[in-house]
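# Residue-level structure breakdown
In case you want the letters, here they are:
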Amino acid sequence: MVVRFRLQELLDAHDPPMSQSELARRSGISHVTVNYIANNRTTQVSLKTLAALASALGVAPGDLLVAERKPRRR
């Protein structure tokens, strides 16, 4: 199983769509950190960061994550 971030999906689905820069401004999280999370280039995020991002988007922290089955290699 693989856990990944859904941040970019949530930004795109926001009404109106929200940029990473705007999310960084609203959440107080650096743009670099927002970008790394949105592009799934990080493996560790603090609960404080998840809470700040979720609050700025108006979602629950768990909405930022999704668990997927890892495709089997043949």
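For the structure, see preceding data.
All of the points below concern the structure found in this document. Source: prediction; values computed, not measured.

Assignment of secondary structure puts Ala-60 in the loop between helix 4 (47–57) and strand 2 (65–68). Once the C-alpha coordinates of Ala-60 and Leu-23 are considered, the two residues, 37 residues apart in sequence, prove to be 15 Å apart.

Helix 4 packs onto helix 2 (residues 20–27) with a crossing angle of 110° between their chain directions and a minimal axis gap of 9 Å. For the element pair helix 2 / helix 4, the angle class is roughly perpendicular. Seen from helix 2, the contacting residues are Leu-23, Arg-26 and Ser-27; seen from helix 4, they are Ala-52, Leu-53, Ala-56 and Leu-57. Of the residues belonging to the contact of helix 2 with helix 4, the class tally is five nonpolar, one polar and one charged.

Scoring rules and cut-offs
- Residues numbered from 1 in each chain as written.
- Predicted model: local features only at pLDDT ≥ 70, side-chain atom pairs only at ≥ 80, totals over all residues.
- Heavy atoms only, no water.
- Helix = DSSP H or I, 4+ residues; strand = E, 2+ residues; numbered from the N terminus.
- Axes fitted to C-alpha atoms, helices over the stretch in contact; angles between N-to-C directions.
- Parallel < 35°, antiparallel > 145°, perpendicular 65-115°, else oblique.
- Contact = heavy atoms within 4.5 Å.
- Nonpolar A, V, L, I, M, F, W, Y, C, P; charged D, E, K, R; others polar.

That's the geometry; what it means functionally is another story.
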